[in-house]
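Single-letter residue listing:
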Amino acid sequence: MGVSSQTVRVKVLFFGRLKEIVGQAEDSVELRDGAPIEELFSQYGASHPELARFRPSLVASRNQEFAAWSTPLHSGDEVAFLPPVSGG
Amino acid sequence: MGVSSQTVRVKVLFFGRLKEIVGQAEDSVELRDGAPIEELFSQYGASHPELARFRPSLVASRNQEFAAWSTPLHSGDEVAFLPPVSGG
Amino acid sequence: MNKLPQPDLLALVRDPIDHVTLIKHVREEEDGAIVTFDGCVRNHSHGRRTLYLDYEAYESMALEKIREIAEQIHEKFPIHMVAIAHRLGRLQIGETSVFIAVSSAHRPAAFDACRYAIDTLKRTVPIWKKEYFEDGAVWADGEIPPAPLETRAANPAS
Amino acid sequence: MNKLPQPDLLALVRDPIDHVTLIKHVREEEDGAIVTFDGCVRNHSHGRRTLYLDYEAYESMALEKIREIAEQIHEKFPIHMVAIAHRLGRLQIGETSVFIAVSSAHRPAAFDACRYAIDTLKRTVPIWKKEYFEDGAVWADGEIPPAPLETRAANPAS
């Protein structure tokens, strides 16, 4: 990580099964500006191996919109990892 | 018509536009046993030319079931000439 | 919790159709989906303002044809129950002329059966609609029901 | 009789869904067809007896996705109005979890739009259902929403 990297704060939301695994519905974390959603997920996956197991069935969102895992994050973003949806 | 022809009585029903043309909802007529529906219709068509004009768009029924115009009629049958249906 | 099979509710009525009764009739605890079709009297037809409608039916045959539709959708789709009511007589704008409710465990059957029911009703049930406009009245263009094939053999010379 | 355009009614609710209010919202004198879908809590799932359900949502995003569905069906089908309500929290057997009502001049649009709406809702709206049985509870198998394509260019090395 270069010296020019800025650190930003993002909000992270967990739902359904993921909320039960992580033990919280909401988190606030610091990460380098522009880090992809994938990198943020990896941090949670490292501390919660069961979470990493669900990765293939998850989709990510950034600011209430589905987002590619490669989407860079910036200050104030709201990120969520969404299990398969089962509304209706 | 041969001497062996028996005469039978059938009930005839008119609906919608046809009822307005014929001026009645129900009729009772005599005809030879086994005469086809087509022959019965022709009799009405002769006295009500406007009725004959609608023939291509009509279907016939015998005893509450759609019937071919060639269906032979017998004593007590209930016949109707049905304009295009517009329920719903 | 065995139950006696409850019959479908099929009716021609002269009073306003009670949607809630029809829905309650088909809706039970085993059902995951109810699809309904509510056919209403529009305030316009072919660009003209409609005042009201009169519906008339060949009642005995119409009810028999509606029963056949119910039988057909039970055969074709995995549904639970169906209710079909068609109103006759004079109807004002906004009133319901026909109401169909179908229940099933899963939604595709309820959608398919409800649509099949109204499509088939409009093609095969002997009911006629007269539309009243400010400048006159007309019998609505309808659909010619599918008729049995003509068989000349059925017409013996005597 | 010009009217101001009336918006669609789109909601996430915690109290029982009032079907009549939703239907009244979409049903006006220009409409000839109302199609509704009522998704109910079944008393069984995968052969097991269900006791009750809990629904949870990413509420802000779910409402936004429901709004997108409403926009899409207005673009795709010649409909008049739509109402969509999804309930959250604990639901008992037989209660309505989702209700959709669509009005249009003619029935094909109302059927197509109503079905598109529930199919799309089930694939794309972030809502989750937990099913409670006599011997435990499970998060229902769901559908993976269509995700944007990954673009590696969006991940600059720093």
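Residues numbered from 1 in each chain as written. Chains lettered and ligands numbered in written order. Predicted model: local features only at pLDDT ≥ 70, side-chain atom pairs only at ≥ 80, totals over all residues. Heavy atoms only, no water.

Draft legend 1. View of the overall build of chain C. A count of helical and extended segments in chain C gives 3 helices and 9 strands. Counting from the amino terminus, helix and strand elements in chain C follow one another as β-α-β-β-β-α-β-β-β-α-β-β. Over its C-alpha atoms, taken along the principal directions, chain C stretches across nearly 55 × 50 × 25 Å. Counted over contacts in chain C with a minimum sequence separation of 6, partners at least 24 positions apart contribute 74%. (Helix = DSSP H or I, 4+ residues; strand = E, 2+ residues; numbered from the N terminus. Contact = heavy atoms within 4.5 Å.)

Draft legend 2. Broad picture of the relation of the copies chain D and chain C. Laying chain D over chain C is done by rotating through 180° and shifting 0.0 Å along the axis; what remains is an RMSD of 0.0 Å. Both copies are brought into coincidence by an operation consistent with a two-fold rotation axis. Within chain D, D:T36 has its C-alpha nearest the rotation axis, a separation of 2.6 Å. Of all interface residues in chain D, 100% are interface residues in chain C too; the two copies therefore contact each other through one and the same surface. (Least-squares fit on C-alpha atoms with pLDDT ≥ 70 in both.)

Draft legend 3. Structural context of the packing of aromatic side chains. In total, this model carries 22 aromatic pairs over all chains according to the counting rule given. Taken together, a centroid distance of 6.3 Å and an interplanar angle of 65° make the contact between A:Y44 and A:F81 edge-to-face. One end of the pair, A:Y44, is in helix α2 (residues 37–47); the other, A:F81, is in strand β5 (residues 78–82), with 37 residues separating them in the sequence. You can call A:F81 buried: its relative accessible area is 0%. A centroid spacing of 4.7 Å and a plane angle of 25° characterise the contact between D:Y52 and D:Y132, whose relative ring orientation is stacked. (Phe/Tyr/Trp six-rings, centres within 6.5 Å; stacked < 30°, edge-to-face > 60°. Buried < 20%, exposed > 50% of the residue type's maximum accessible area, 1.4 Å probe, protein only.)

Draft legend 4. Just the interface of chain A and chain D, in detail. With 31 residues of chain A in contact, the opposing surface of chain D contributes 39 residues. Summed over both sides, the interface between chain A and chain D buries roughly 2900 Å², with carbon and sulfur atoms accounting for 56% of that surface. Its largest share of buried area at the contact with chain D, chain A owes to A:F66, A:V85 and A:G88, together 25% of the area lost on that side. At the boundary of chain A and chain D, one finds 3 salt bridges. One salt bridge connects D:E56 with A:K19, and the closest N-O pair in it is separated by 3.0 Å. Here chain A is connected to chain D by 17 residue pairs in polar contact (both at pLDDT 80 or more). (Buried area = accessible area lost by both parts, 1.4 Å probe. Salt bridge = Lys/Arg side-chain N within 4 Å of Asp/Glu carboxyl O. Polar contact = N/O pair within 3.5 Å; in protein donor to acceptor, adjacent residues only side chain to side chain.)

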